[in-house]
Every structure is written in structure tokens, then in C-alpha cells.
Amino acid sequence: MPRHAPSTQLETHEVFNQPPAFIGHNLFDTDRAMCEAAVREGGDWVGEPLSKLGAVAGSEAVLELGDLANRHPPELVPFDRYGQRIDEARFHPSYHQLMGVAMDHHIHDIAWTADRPGGHVAHAGLLALMTQAEAGVLCPISMTYAAVPALRHQPDITGPWLEKLIGGTYDGPLGPIAGKRGVTVGMAMTEKQGGSDVRANTTRAHPLGGRLYRLVGHKWFCSAPMSDGFLTLAYAEGGLSCFLVPRIAPDGSRNGIQVMRLKDKLGNKSNASSEIEYHDAVAWLLGEEGRGVSVIIDMVHHTRLDTMAGTLGIMRRPLAEAVNHVAGRRVFQKTLADQPAMRAVIADLGLEYEAAAALTMRVARAFDGEAESDRAFARLAVALGKYWLTKRCPNFVYECMECHGGVGYVEETPLPRYFRESPLNAIWEGSGNVIALDVLRTLRKEPAAMDSFVAEIALARGGDRRLDAAAGRLADRFAGPAGESDARRLVEDMAVLLQGSLLVRHGPEAVADGFVASRIGGDWGRCFGTLPAGADIDAIARRQIEPLAG
Ligand SMILES: Cc1cc2nc3c(=O)[nH]c(=O)nc-3n(C[C@H](O)[C@H](O)[C@H](O)COP(=O)(O)OP(=O)(O)OC[C@H]3O[C@@H](n4cnc5c(N)ncnc54)[C@H](O)[C@@H]3O)c2cc1C
């Protein structure tokens, strides 16, 4: 008999006082803040697609796919077995399945197919929900959604792409787009010597006749290199210009795009962010030579909305997991959720999340609007929202992790994964300072944007005197010049005021009062869990706990 054979006398000890696994929740139906904000801003109809995805994304099977896609990141396959270049990223099957779920639920195109207002609200809500299963796949999905307005600059060229993109389903393997059920589109702007400053790009475009060019150069970041095409910036004779670079060249061969390596990133593991080189890659010019930034900015504007929606998802999953944990574990004769210090933490996190949800859905509605005031508001508010939500996110996720105690630090829970994901939305699509400076520029150059902001805040006037006072102080600051070193402070104040105004108008009284008292009135500590004495912690925390824990 082997020395260490298992003994039949050894029984597993009883495992108790552990919460149930967080599986099988409808991620939309159990999220009061999101339900209320999405339906308010998008209309009743958005509830159905959101609830459908909420059920799927919260299912055990899809949550498992998210975990697997992160445990098995993509690999670069530069050559085939015979030494021919193929430049492919090979993904785990879970990645392809998640892409399928995302496109089956129309995250990439609902904004473009909706026959009534609310399409962008539905899109943002769907993206936030899917992020709770896995964030990495939302990068290609977001870029595909956001490419549409840029592609529309040149419909004679991009018509076949738009036809495949809108209404398309996921069709991963490389092939000419004519034979595909759907396409995905990426974006390649950033080069080694300059990302924020795209005018430092060195990639050159040489004309081949008509709208066709050949590109020579590199891109330092190109996420989703398996996309069917990329919107890219390169210098042509007339200046920095925007091109659509297909992976399959018009003659049916593989285009001259070499994937040099995949980035070894902090998080966002399932997404194959790469470095690429263009070796005479064939590309179509979109818009006019020299007008590249004004074409691609239409894409960036929409991916910025997704940095807000993605952040919402990155906040929500850890918060929901934290609530599940504290409601299901007892310490010192009470559930953690009933321990006053923990309830105060959950309430404070809940307030932060409620404000993030209200702001994201309001900004998404502005993307649906046709009026110039909507467009002006969207331009300003998406920058405010991106800046503020993404800045708040890492500490928020960390605090949700701590609610779990030790197990939150363990990779079997999704907390480490979401923690690693949490700084990313602040960096891409315009890093913090760039966004703050963008807000200053918009305020200076577009009076309609400032007017739309002031008008939005005024809708809450009379609802809370602390909010009114803060609005007055901000108006005084608008009257004077703002320097670049003040940009972050101004953006913070504007973003929090906007959040406060939305909660005062629409939020439950306890939520609005708690938010304004702490974030605007200044009666707040330095960490989460430090709401003022008068805050109705029970009412705020119940909105998080009841839907998940009953
Ligand atoms: C995971 C990941 C995936 C990415 N995927 C893509 C992709 O698919 N396609 C793509 O094109 N790019 C992609 N990027 C690149 C990303 O968009 C850039 O990294 C980002 O725009 C910043 O550019 P940079 O890295 O060159 O930094 P820099 O431009 O050098 O900026 C460095 C810092 O300086 C600040 N800064 C810049 N200008 C000013 C100023 N005037 N005053 C004060 N501060 C300033 C910035 O805010 C930033 O904090 C990706 C990045 C990451 C991390």
C-alpha cells in the first residue's frame, strides 16, 4: 500500500460562513441605479435588451468565459508552419464565444439601428453589462461601434463595410469581408514618438491613384489586430489624413500589416494589444487629405462614451461581488452587511456608483440627440465624465476588494482582474491631462457647450441649496480665465456638480442628499465609508443590498 494513500477516515471539514458564489444574477434587473437611469434617459424600450443581456452576462457559463479569456491570453502567431508570415493573434475559444455574445446582443450596432431615441443609452448600458463578464472583448466591440460615424465620411468606399458592420454577427476568421457575416474595425493612431500628440506621427501615405494609397510606418499600440480593418492616421502630401486599412488587400492577398509583438499588459489580458508595422499596406483615404483628425475624432468621441460605460461595468461587478460577500458572511454575531462600519462603506460606494450610472446614461442620451445643444453637451460632458469616472475607478475597485477580506485578493475571485483593469479607461482615448485640457479648449471655443452645461445644471436649481451655492461658485470661475494648471480642478468640480444635479433631480432623496452633503457640501472624510452623520446610510445601502441579497 502506498505510504500516503488517502484514508477513508479523513473527512472534509464542514465549510460554513462563506457567501454563495456570485452567479445567476440578472446583472441589469438587480442594479437599481442602472435600471432607473437607463430607462429614464433611453425610454422604456431599452429595458428589454438590457435585461436580456443582464441575464446572459450574469450566468455561470458567461462569467466562466470571462475568467477563462483572462487566464488564457492571446498569443502571437507570426508565421505558419512553412515559414510564411501570417501575423495572427490566436485566442482561447472563450474569447470568440464572448465576442459572439457581445455581437448577438448588438452592443456594436444598437445605437445605429434603433428606430427611436435611446440607441446610445442602450449601447452604453449593454457595454457596461458585458464588461461585468469580461472587459477585454469590449475594446474591439467599442471600436467597431465607434467606427461608424468616421466610416460615414466616405460612404462610396465604406458602404460594403457599413453593410457588414451594422446588423453583422461575429465572424472571427480572416477573409475578404464580402464573404463574412460581420466585421470588426480597430483604430491605429498611437506611434512610439507620440500618442496624445498625433501630429508627431511619422507614418507616410503614398498615392496609388484615386483614393488608394500605400502606407509605410508603424503603430505602437494597435489593440484588436485581428479586426477586419483599421482606421489609421498617416501623413499624405496634404497633411495628416485618415485611412481605412483592410487586413485583406483589395486584390485578395494579406495586406502589408506585420504584427511585431503583443503587449504584456497590467490587465486587459484577453485583448491582444499589439505593435504593428505597415509595409506598403494598401489603404483608402477617408475624407480629404490633411483632414484626418477631424475624421477620426468622430470615432474617438464615441469610444470616449465607452470609457464611461466600461468604467461603470468595472465598478459594478466588484460592487455587486462586495455586496454579495458582505450579505453572506457573518462576523461577531452579525452579517457583515449589518455591521455599521461595513454598511457605511457599502453606502458610500453605492453613492459613487449611483452618480456614475446617472452621469453615464445622461451623457449617452446626449449622443442620441439631434439638436446642436445636444451635440455641444455631449462633447463637453463626455470629457467631464471620462475624466472623473476613470479617475475614481481604481480606488473604488480596491475598496470593493477590501470588503471581501483576504479572499478578495485571490485570483479565484474577479477582484484582482477588475483591479488591474481599473486604470485603463483613464489612459486610452485621451489620458487625464489631455481630457482636462480638451475641456478647457471646448469651454473657450464653443460657447454653446458651456451654455448647455449651465442649462443642464439649472434644471436642478432650487432642489438643494448646497448644489445651488456650488453652481454659483462655478459660474464665478467660468467668468475668469482658467489656466492649464487649473484644468483638472475645474473638470473635477464640473463633473461632480453635474452628477449632483442629476441625483437631485432624479435620485431617491437619501441618495441625492448623501451625495451632495459629502461630495459637494464637503462633509466627508478621505476614504469611502466616511459619510456625514446625517446621511441615511441604511436607505442608501439597501438599494445595493436588497436586489442582490433579498
Ligand atoms: C492597453 C492599451 C491599448 C491601446 N490601444 C490603442 C489602440 O488600439 N490604438 C491606438 O491608437 N492607441 C492605443 N493605445 C494608446 C493610447 O491611446 C495612448 O497610450 C494614449 O493616447 C497616450 O499616448 P502616449 O502613450 O503616447 O502618451 P503621451 O502622449 O506621451 O502622454 C503621456 C502623459 O502626458 C500627458 N500629456 C500629454 N499632453 C499633455 C499636455 N499638453 N500637458 C500636460 N500633460 C500632457 C498625458 O495625459 C499622459 O498622462 C492603447 C493604450 C493602452 C494602454
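Residues numbered from 1 in each chain as written. Predicted model: local features only at pLDDT ≥ 70, side-chain atom pairs only at ≥ 80, totals over all residues. Heavy atoms only, no water.

## Quick look at the state of the cysteines
In total, this model carries zero disulfides according to the counting rule given. The structure places no disulfide on Cys 400, whose sulfur is separated from the nearest cysteine sulfur, that of Cys 403, by 5.9 Å. Judged by relative accessible area, which is 0%, Cys 400 ranks as buried. The thiol of Cys 527 is unpaired, and the distance to the nearest cysteine sulfur, on Cys 403, comes to 12 Å. By relative accessible area, Cys 527 is classed as partly exposed at 47%. (Disulfide = S-S within 2.5 Å. Buried < 20%, exposed > 50% of the residue type's maximum accessible area, 1.4 Å probe, protein only.)

## Concerning unusual backbone geometry
With a phi angle near 70 degrees, Gln 333 is a residue other than glycine that sits in the positive phi range. Tracing the backbone through its elements, the reader meets Gln 333 in the loop between β10 (330-331) and β11 (334-335). We note that Glu 429 has phi near 60 degrees; this positive angle belongs to a residue other than glycine. Its location among the elements puts Glu 429 in the loop between α13 (424-427) and α14 (432-445). (Helix = DSSP H or I, 4+ residues; strand = E, 2+ residues; numbered from the N terminus.)

## Points about the pattern of salt bridges
This structure, assessed with the given rule, holds 41 salt bridges. Among the ionic pairs, Arg 254 bridges to Glu 88, the shortest N-O distance being 3.2 Å. Separated by 166 residues along the polypeptide, Arg 254 in the loop between β7 (239-246) and β8 (257-262) and Glu 88 in strand β2 (residues 85-90) bring together distant segments of the chain. The closest approach of N and O atoms between Arg 489 and Asp 493, which form a salt bridge, is 3.9 Å. With Arg 489 and Asp 493 both in helix α17 (residues 487-506) and four residues apart, this pair spans about one turn of that helix. (Salt bridge = Lys/Arg side-chain N within 4 Å of Asp/Glu carboxyl O.)

## Section: the side chain of His 302
The residue His 302 is located in helix α9 (residues 292-328) in this model. Look at His 302 and you get buried, because its relative accessible area is 10%. Among the polar contacts listed, one links the side chain of His 302 to the backbone oxygen of Asp 298, at a separation of 2.8 Å. Those residues in contact with His 302, other than ones at most four positions away along the chain, are Trp 112, His 120, Tyr 145, Ala 146, Pro 149 and Phe 367. (Polar contact = N/O pair within 3.5 Å; in protein donor to acceptor, adjacent residues only side chain to side chain. Contact = heavy atoms within 4.5 Å.)

## A short note on the domain arrangement of the chain
Here the chain is described as being made up of domain 1 (32-152), domain 2 (177-291) and domain 3 (295-549). A separation of 34 Å is found between the C-alpha centroids of domain 2 and domain 3. With 16 residues of domain 2 at the interface, the matching set in domain 3 holds twelve residues. Both sides together, the interface formed by domain 2 and domain 3 hides about 1100 Å², and carbon and sulfur atoms give 74% of it. For the interface between domain 2 and domain 3, the tally reads zero salt bridges. Here domain 2 and domain 3 share two residue pairs in polar contact (both at pLDDT 80 or more) between them. Only β3 (185-188) and β6 (229-236) provide two or more residues apiece to the side of domain 2 that touches domain 3. Sort the elements by how many residues they give to the side of domain 2 that touches domain 3 and β6 lands first, with three residues. (Domains from an automatic or database assignment. Buried area = accessible area lost by both parts, 1.4 Å probe.)

## Structural notes on the site of the ligand
Around the ligand, the surrounding shell holds 20 residues, and the nearest of these are Met 187, Met 189, Thr 190, Ser 196 and Ser 223. A distance of 2.7 Å is found between an oxygen atom of the ligand and a backbone nitrogen or oxygen belonging to Met 189. The contact in question runs from an oxygen atom of the ligand to an N or O atom on the backbone of Ser 223, over 2.8 Å. Contact with the protein chains covers 66% of the free accessible surface of the ligand, which is 970 Å². Looking at the shell around the ligand, the elements with two or more residues in it are β3, β5 (212-222), α13 and α14. (Near = heavy atom within 4 Å. Areas by Shrake-Rupley, 256 points an atom, 1.4 Å probe, with all protein chains shown as cover.)

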